[in-house]
Structure formats: structure tokens, C-alpha cells
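Residue-level structural notes
Each chain, letter by letter, is given below.
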Amino acid sequence: MNKALMKAVKEYLVLLLVLGLVLITAVIEPKFITSGNMTNIMRQFGPLIMVAMGMTFVIIGGYIDLSVAGIMSLVAVVTLSLIDPIGQVGAIFVGLLIGAAAGFLNSLVITRSGAMTQAEGLFISYGMSVLYGGTALLYTGGVTNHLSYIESNYSLFTLIGSGTVGIFSVSFIIFLFLLLILYIFQNFTYTGRAICLTGGNKTAANLTGINVNRTIIIIWTISGFMAGVSSIVLFSRVTTASPVLGKGFELNAILAVVVGGTSLKGGKGSVARTVLGAMLVILLSNSMNLLGVTVYMQNVMKGLLLILAIWLDNLKGRR
Amino acid sequence: MANKENDIILTMTGVVKTFPGVKALDDVSIQVRRGSVHGIVGENGAGKSTLMKILSGVYTKDKGTIIFDGETIETTTPHQAMQRGLSIIYQELNLVNTMTAGENIYLGRFSEVNGMKGTHQKAREALDRIGSDIDTWTLVQDLSVSRKQMVEIAKALSFDSKLIIMDEPSSSLTQDEMKALAKIINQLRSEGISVIYISHKLDEIFDFCDTVTVMRDGKVIDTRPVEEFTRMDMISMMVGRSIEKEFPERPRKVSTPLMEVEGIKTKKLHDISFTLNKGEILGLVGLVGAGRTEIVRALFGADKIKAGTIKLDGEVVAIRNPRDAMKRGISFVPEDRKQQGLILPFSVENNISIATLKNLYKFGILDKNKERQIAEKHIKTLKIKTPTARTAVESLSGGNQQKCIIGRWMEIQPRILIMDEPTRGIDVGAKYEIYLLMKDIVENGGSVILISSELPEVLNMSNRVLTVCDGRINGEFDPEKASVDEIMAKALGVSVEGAMA
Ligand SMILES: Nc1ncnc2c1ncn2[C@@H]1O[C@H](COP(=O)(O)OP(=O)(O)OP(=O)(O)O)[C@@H](O)[C@H]1O
Ligand SMILES: [Mg+2]
């Protein structure tokens, strides 16, 4: 009985934390539950959760993707610059393609170079992030561009950035749509299972007929693509495409995934739980903002949260 | 002297341990005399390792008393157990791969031996004592499985222990290492140190042990001095029914070629050529590291082939990766189940379904009922001991984990089944069932390639035996006609005359 309770607490700790946080903040600071703040939270939620969902697959597959920051920056500046020459639909299409292609390139470097351990993957993705981010800076000469300078029609971006359908923001609907697809992909398809098995034991997966290289290519490409989507949603909202737009997103995404209960050891995890993790991360910064906690202190808290999540994950494995 | 003989080092009484869904130990009592070698035998999942892990503090008992060296022990941690004078060699290796052999032996005790220099000095002595020439500066990850096991043994001996537990220490030792282990055990006995020895190899039990306890289903069936057991007694006590023989009839001989291998070269292999016939069991014999595993890995597409061809039914086929091999009906039970076979955090059913996973998707969606049915089928036919199909495979006993891997490959109904040390860590009853499975496959027109370090197994099961030495095939024998000495001499790479002398 006691053991079962302990297990439930460990399993749902994140959810409990989210609820507790909401309650405490709502009591101390009534501004928290105003509709203005709720909209605010929903908006912040969009870009983070999208990167984090992609990241979930990479982490389940046994890797960590630091390149999402660079990909986000690159996609934003290129997409914005293409609206005038090729129109807004074309620009979005090319932007998403660049995201996916960048992720694909990461996986090629990993599989071709044979540097297939988690640590090697981590550093390769870090290198790629610097490369993509650097390209973004080169491309723009370091200048931040604004949507409002665009001469042709950019209504689509306005819609993505600040449109609503009923009480939901458009970005939230995009999120729900992607969640549904990724959830089905992860839980019901062959490739979804293959990703988990590869993350669980690459050697054994290969020796039982799973195409490990293909799986690795798929997870990184998903992550790159999701970083691209996130980038477009984010710069549509802030209406500017800075060449350092993605900075910090990689760590927040990893935090969301791990807090959600996906193990850094690989093999196990779920996109649905990453949503909870991302919610906690956003609520945490939002309530700390409202409570007047400094940014420095917020970083300390985030660091602690990451350590706590990894610790808990290790406790789960024990008997 | 007589007094000393009666001196008891360990008494466990009424020990009970339950895991979710299994009663692993049910009222177990056992007594070990000082300076004796006490064997424990029993089927896979009988509870042997669990009993030892309770002693060493990895698990806590639910009930029962333990008296060690005159002291009643309620709870203990692995560290405390060591300090009391109890050390253990676990069934699953527990070394830090990225550290050197020497550091592993004195892990966590560097200060006791004066830092790094002392560590390597002392580790050298520990290894010398067991007659091993492993360099203390080699990283553990670069050692073969058998050498890793020797490092574990050296480590366990480096504590001043009163009782040393060895849980299947010999499952992958070479013959020479085995001899060294025998010497060590005799020496320990003469020093008055007790040993608990767990093994599925009954020869060793009869060679080493003074007293033997037989366990079944978490209970002690009997404890007797070893002289009072016959081999067949012991086996029937373990499996709970009588068994007449250890090997089934050898399958009949056939000679239509199924697979022809010509001039295969890889990093470690030179010019490998042989033919595998339809309906035949082909044994590969050689020392650990001779290249047996490399040969079958090349056939399965796990290692890159640099030159040479493989023909199936007379046609040249390209096998670039395991998937190509599986498409042709080749399957492979690897030697290291934890690293190469199982996906540990996953359930029994996930691990069994994996080789045929693709066929379980209908319109892109997994048919989970079918997955369950497949798993249940193999759990039943192979008698895999597990609470449910959904149990994590890592909580199964070693032998039952191996059965999961075999079940996985039976599901693809292989034409060629490659088995690399398939019976390592498997109990006698289950071994017999695996032999029957092999026979079943060949009688239905398939073929088996068998690698085993247990000579009796290869010699009794195979239709033909190839010896492998230094990355080459250097001999072919008919196991019904050739003598063991002849075959071993070839495998060792010495001429027959030399071996006889
Ligand atoms: N950590 C665990 N969690 C759940 N069940 C376990 C755990 N460890 C062991 N068991 C179960 O307890 C039983 C006894 O296992 P144990 O490992 O002691 O067997 P064993 O006699 O050592 O077998 P083998 O010869 O295969 O090594 C098995 O049914 C096993 O599935
Ligand atoms: Mg065991």
C-alpha cells in the first residue's frame, strides 16, 4: 500500500508540482488567473512545447539535440527574408524544409562519422548549432529584421502569431494538431516503437533487424522540423526575426522533456508527458515573474529542477 | 580438527522473499560450514541468485533469520556485508568498463592501498594469485568476457573474506582459466575460507563441492554431502521429474548444401570457406577469441565482409546487414545476452516480438493482441518463468532471459539458426529443451550452426564439427568418429602428435 503510494507520487510528481504551483501563485498573486495572463501563458507555451516535442524523440532514441537553438535562428531569418521574393506560403514552406534538412544533416554527420554514442551526438549537435547560428548571423549581417518592414502580404504570419479561434490562439491549435500526429506516431506505428528500442539498446536493436541508422535519421529530422515550426510560430508572435532567436531554447526544451519524465538514458518516454513538463517550465517562469523573482534566481531554480528530475528518474529504476 | 569441521560460518533460516507476482524464496534454510565449498544448483529462476543477493545486501528479506560468523544480521548493505567478510561474484558482471582492470579490483579502496601505484601493485598480486596475466592497466572494455570474469574473481579475493559467493563464475571461462579457478577454490578451502558455488555445470559441482543444496521454485529440496548424489539424482531433483539422458538422439545426416561460404574475409577472418548442409547441425569449436563468433557475425551481416561470397541454395546473396540476413531466414542468438540480445528496460513481450515486429502492423497500427499471443506462446513452449508477459525482461533470472531471446528467433521460423553459446547460464532441463528445438528445426529442413565452449554439447549435437583457430577454419571432424583430444589439439593449433606427447 505504502509502496504503491510512493510509486504514484513518483509517477505523477510533475503533475502535482504543476497543480501546487498554480494554486500557490493564484493565492499569493491574483493577477495570475486573469485572462490576460492566461493568454500570455498560452502564447509562451507554443514555441517551447513544439521544440520539446521534437526533442522528446531524440532523447528517447538515446541522444540530446543542442542544435535546435541554431536551427530556430536560421529558419527565422531565412523565412522572413523570403516573404518578399517568393510570397508568404512559399517562405513558410522553405522555412520548414530548412528545419527538417538541418536535422537530417545532423543525423548524417552522426551516422556517417560513426560517432554514435550519446556524448558524441551531443557535441556534434552543439557544433551544428554553432554552425547554423553562425550562418544566420552571416546571412543577416547580424541585423534583426521586422515583419512590419515587409512590403508584400504577410497576413499568414499575423494569423499564426496573434490570431485566435474562439478562446484558443492559433498557435495552440497548431500545437494540438502536432501533438495528435506525434502521439499516434509514437504509440502506434512501427517507427515509433523502433525509436524506443533503438534508444534502449542500439546493438541489440541492430542485431534484431531494426534499421538503426534510419531510426536515427528520423528522430533528428523530426527534431529539426519541429524547431522550424517553433521558430516560425515564435517570430510571428514577436514580429521580429533575430539571428539569435533560438538562444536558450535547447536547454528549456531538454528541461521540459526531462521534467516530463522521459529518461535521459533513452528508450522510454512520451510526447504527452513532455507537454506536462513544458507546462511546468512555463508556469514556473510565469509565476516567478509575477512574484518578482529575478532572472538570475529563476536560472538557479531551473537548474535545480533539472537535477531533481534526473534524480527522480534514477530513483524510479531502483528497488 | 573435528571441532573446526562443525564450526558453522553461515546459517539462514526460513528466509522468504517476494517480488511483485513471484515468491522468489519460500522458507529457505541453509547452513554453510567453515572451510567448505557449498554448491547450490537449481533450475533457472529457482531463487539462487536472489538468496545470494539477500546475503550481500542487494535485496532485503521479507522474513527469516541470518546468522553470519556468530552474529545475527537483520539488515545489511553491500558495503557492510563486505566489511563483515562476505564478498560476492555476481552472475552479471559488475565492472566499470571505462576504468582499468587494476582500478576495478580496488574500486573505492584506493586510499587503503596507497593510491594509484599501490592499486596496480596490489592488483597485480591479486591477479598473479589466480594465475592470470591480465595487464592491470588494460581498460575493462577491452577485455574479453572471460577475462572480465577473471577480474571479478580477483576482486572478490582481494577482500579478506570469510565467505566468498560465486554465482556462475565459470559461465564464460576458458579451459585454462577454469583450471586456475579450481586451484583457487582448493586453496581457499585449505585456508579455511568458505565458498558458496552456484553453477549449471554439474561437472564442476561434483569436482569442487563438499556439500550440495538443490533448490526448486524458491524452496530447498535437499542438502547432502556431494558423495551421496548421483548426477541423475541431482538432475531429477532440480527439474522435479526423472530424466534419462542429457542429450537427445543426434539428427540424421543429410548432404544437400544449403549455404556455401567461399573465401570470406573480414577484419579478423582469413579466407573462411565451408558448406552448411540442409538439415544439419554444424558445430564450431575453438578457443575464446579464435574467431568463431566473427564467422557467424559475418554470415549474419553484423560485421563487414571485405571479400568472398555467400551462396544460399546455390545462388550468390548479398548480406550487408542483419536485415538482409533475416529476410533470407537467418537468425542469430548472440553470446552476450545483456549487451547484444535484450533491450533491458522493455517487457518480455516486446523483447520476444521484436524480430517479427514489422508483421504485427495492420494499416500502420500495431496489433497488440497478436503481440501478446506470440509472447504467451513462447512463454508456454519454452517454460519461461515470468509473472506476466508485460514484466520487464531485466527482472527475469539469467536463464529465463536467454529463453526470451530464443523465443524471439523461433518466431521467424528460421531456415538457418545461428546459436552462439545458447546454453550459457541455462539449467539442465532447459538445455534439453533447447537441444530438442534445434532438432526440430533441422528435421523440418532448416539448419543450425552451433558455437559452444561446452565440448560435450557440440560433440553430442553436431553432425559435423569445424575447428577454428586464429581466424581460420583448420579442420573438419565427424564427432561420432573423432576423439575429443584430436579435435581439441586442432582447435589449439598444435599437431596431433604434439598434443599426444
Ligand atoms: N528484481 C526482481 N524483480 C522481480 N522479480 C525478480 C527480481 N529478481 C528476481 N526475480 C524473480 O525471482 C525468481 C528467482 O530469480 P533468481 O535470479 O534468484 O533465479 P536463479 O535461481 O538465480 O536463476 P538462474 O539460474 O537463471 O540465474 C525469478 O522468478 C525471477 O523472475
Ligand atoms: Mg542466477
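Each residue is numbered by its place in its chain's sequence as written, counting from 1. A letter from A marks each chain and a number from 1 marks each ligand, given out in the order of writing. In view of the model being predicted, local features appear only for residues whose pLDDT reaches at least 70, and side-chain atom pairs are presented and counted only at 80 or more, with totals across whole chains, interfaces and linings using the full set of residues. The basis for every side-chain value is the complete set of non-hydrogen atoms in the structure, without hydrogens or water.

**Considerations on the overall build of chain B**
Where we set the bar: Under the DSSP-based scheme used, a helix requires at least four consecutive residues in state H or I and a strand at least two consecutive residues in state E, with every element numbered from the N terminus. For this measure, only C-alpha atoms enter the radius of gyration; the expected value for a globule follows 2.2 Å times N^0.38, where N is the number of residues. Whether two residues are in contact is decided by their heavy atoms: any pair within 4.5 Å suffices.
Within chain B, the regular secondary structure consists of 19 helices and 22 strands. In terms of C-alpha radius of gyration, chain B reaches 24 Å, essentially the compact-globule figure of 23 Å for 501 residues. By principal-axis analysis of the C-alpha atoms, chain B measures approximately 70 × 55 × 45 Å. The contacts in chain B between residues at least 6 apart in sequence include a share of 65% that link residues at least 24 apart.

**Examining the interface of chain A and chain B**
We apply this condition: When two parts are brought into contact, each loses some accessible area as probed by a 1.4 Å sphere; the total of that loss over both is the buried area. Only one rule defines a salt bridge in this text: a Lys or Arg side-chain nitrogen within 4 Å of an Asp or Glu carboxyl oxygen. Any pair of nitrogen or oxygen atoms within 3.5 Å is treated as a polar contact; in protein, a donor-acceptor pairing is required on top of that, and neighbouring residues in sequence qualify only through side-chain atoms on both sides. For this scheme, ten residues count as nonpolar: Ala, Val, Leu, Ile, Met, Phe, Trp, Tyr, Cys and Pro. Four count as charged, namely Asp, Glu, Lys and Arg, and the remainder, Gly too, count as polar.
At the junction of the two partners, chain A supplies 21 residues and chain B supplies 31 residues. Of the roughly 2,200 Å² buried where chain A meets chain B, counting both sides, 63% is carbon and sulfur surface. For the pair chain A and chain B, the interface holds one salt bridge. Of the charged contacts in the structure, one is a salt bridge between A:Arg193 and B:Glu371, with a shortest N-O distance of 3.0 Å. The tally of links from chain A across to chain B stands at eight residue pairs in polar contact (both at pLDDT 80 or more). Elements represented by at least two residues in the side of chain A that touches chain B include exactly helix H7 (170–188), helix H8 (190–200) and helix H9 (202–207) of chain A. Of the residues contributing to the side of chain A that touches chain B, the split by class is eight nonpolar, ten polar and three charged.

**A look at the layout of surface pockets**
All names here are of chain B. Let me state the cut-off plainly: Computed over the protein atoms alone on a 1 Å grid, cavities are sets of points where a 1.4 Å probe fits but cannot get out and pockets are open sets with protein on both sides within 12 Å along at least five of seven lines; a residue lines them when it has an atom within 4 Å of a point. Grid points are joined across faces, edges and corners, and a volume is the space filled by probe spheres set on the points.
Empty space within the second largest pocket amounts to approximately 990 Å³. Around the second largest pocket, the lining is made up of 44 residues, and of these Lys 201, Ser 453, Glu 454, Leu 455 and Pro 456 lie nearest the centre. Of all the secondary-structure elements, those providing two or more residues to the lining of the second largest pocket are helix H7 (175–190), helix H8 (202–208), helix H9 (231–239), strand S13 (281–286), helix H16 (428–443) and helix H17 (455–461). Per-element accounting of the lining of the second largest pocket gives the leading share, five residues, to H8. Split into classes, the residues belonging to the lining of the second largest pocket amount to 18 nonpolar, eleven polar and 15 charged.

**What to know about the sheet that holds strand S5 (residues 71–73) of chain B**
Residues and elements named next belong to chain B. Where we set the bar: In short, DSSP must find at least two bridges between two strands for them to pair. Axis definition: a line fitted to C-alpha atoms, limited for helices to the stretch in contact. Angles are taken between N-to-C directions and run from 0 to 180 degrees.
Strand order in the open sheet formed by four strands is S2-S1-S4-S5, with antiparallel pairing between adjacent strands. Every other strand in the sheet has two partners, leaving strand S2 (22–33) and S5 as the edge strands with one partner each. Between one strand and the next, the sheet's axes are offset by a mean angle of 20°, whatever the strand orientation. Judged from the five bridges that link them, strand S1 (residues 8–19) and strand S4 (residues 63–68) form a sheet pairing that is antiparallel.

**What to know about the pairing of strand S10 (residues 219–225) of chain B**
All names here are of chain B. In this structure, strand S9 (residues 211–216) lies alongside S10, joined through six bridges in antiparallel fashion. Within the sheet, the bridge partner assigned to Val 214 lies in S10 and is Asp 222. If you look at the hairpin formed by S9 and S10, you'll find two residues sitting between the two strands, and Asp 217 has a positive phi there, around 50°.

**Details of the site of ligand 1**
The criterion, for reference: Any residue with a heavy atom positioned within 4 Å of a molecule or strand is treated as near that molecule or strand. Per-residue accessibility takes into account occlusion by the displayed protein chains alone, with areas from the Shrake-Rupley method and a 1.4 Å probe.
Neighbouring ligand 1 are 21 residues; B:Gly45, B:Lys48, B:Ser49, B:Thr50 and B:His200 lie closest to it. Residues near ligand 1 are shared among chains A and B, making this a multi-chain site. Between an oxygen atom of ligand 1 and a side-chain N or O atom of B:Asn44, the distance comes to 2.9 Å. Residue B:Ser397 places a side-chain N or O atom 2.8 Å away from an oxygen atom belonging to ligand 1. Within the complex, the protein chains bury 94% of what would otherwise be the 640 Å² of accessible surface of ligand 1.

**A word on the pattern of salt bridges**
All names here are of chain B. For the structure on display, the rule yields 34 salt bridges over all chains. The partner of Arg 372 in a salt bridge is Glu 349, with the nearest N and O atoms 2.6 Å apart. With Arg 372 in helix H14 (residues 368–381) and Glu 349 in helix H13 (residues 348–353), this pair connects stretches of sequence that are 23 residues apart. One salt-bridge network, held together by shared partners, links Asp 7, Arg 34, Asp 69 and Lys 162.

**With respect to the nonpolar core**
Here is the rule we go by: Buried Ala, Val, Leu, Ile, Met, Phe, Trp, Tyr and Cys residues that are joined via side-chain atoms within 4.5 Å together make up what is termed a nonpolar core. Under the scheme applied here, a residue whose accessible area is under 20% of the maximum for its type counts as buried, over 50% as exposed, and between as partly exposed, the area being computed with a 1.4 Å probe on protein chains only. These domain boundaries are the output of an automatic or database domain assignment.
Counting residues in each nonpolar core, the largest one holds 164 residues, and the members touching the most others are A:Met53, A:Phe175, A:Phe235, B:Met259, B:Trp409 and B:Met438. In terms of residue count, helix H2 (residues 35–60) of chain A provides more of this core than any other element does, 13 residues in total. In terms of domain composition, this core takes at least three residues from each of domain 2 (245–329 + 415–501) and domain 3 (344–413) of chain B. If we skip the residues at most four places from it in the chain, A:Phe235 touches A:Ala76, A:Thr79, A:Leu80, A:Leu147, A:Phe157, A:Thr240, A:Ala241 and A:Leu245.

**What to know about the domain arrangement of chain B**
Residue and element names in this part refer to chain B. One can read the domain layout of chain B as domain 1 (2–239), domain 2 (245–329 + 415–501) and domain 3 (344–413). On a C-alpha basis, the centroid separation for the pair domain 1 and domain 3 is 31 Å. Summed over both sides, the interface between domain 1 and domain 3 buries roughly 520 Å², with carbon and sulfur atoms accounting for 45% of that surface. Where domain 1 packs against domain 3, one counts one salt bridge. Here Lys 385 makes a salt bridge to Asp 217, at a shortest N to O gap of 3.0 Å. Counting across the interface, domain 1 meets domain 3 through two residue pairs in polar contact (both at pLDDT 80 or more).

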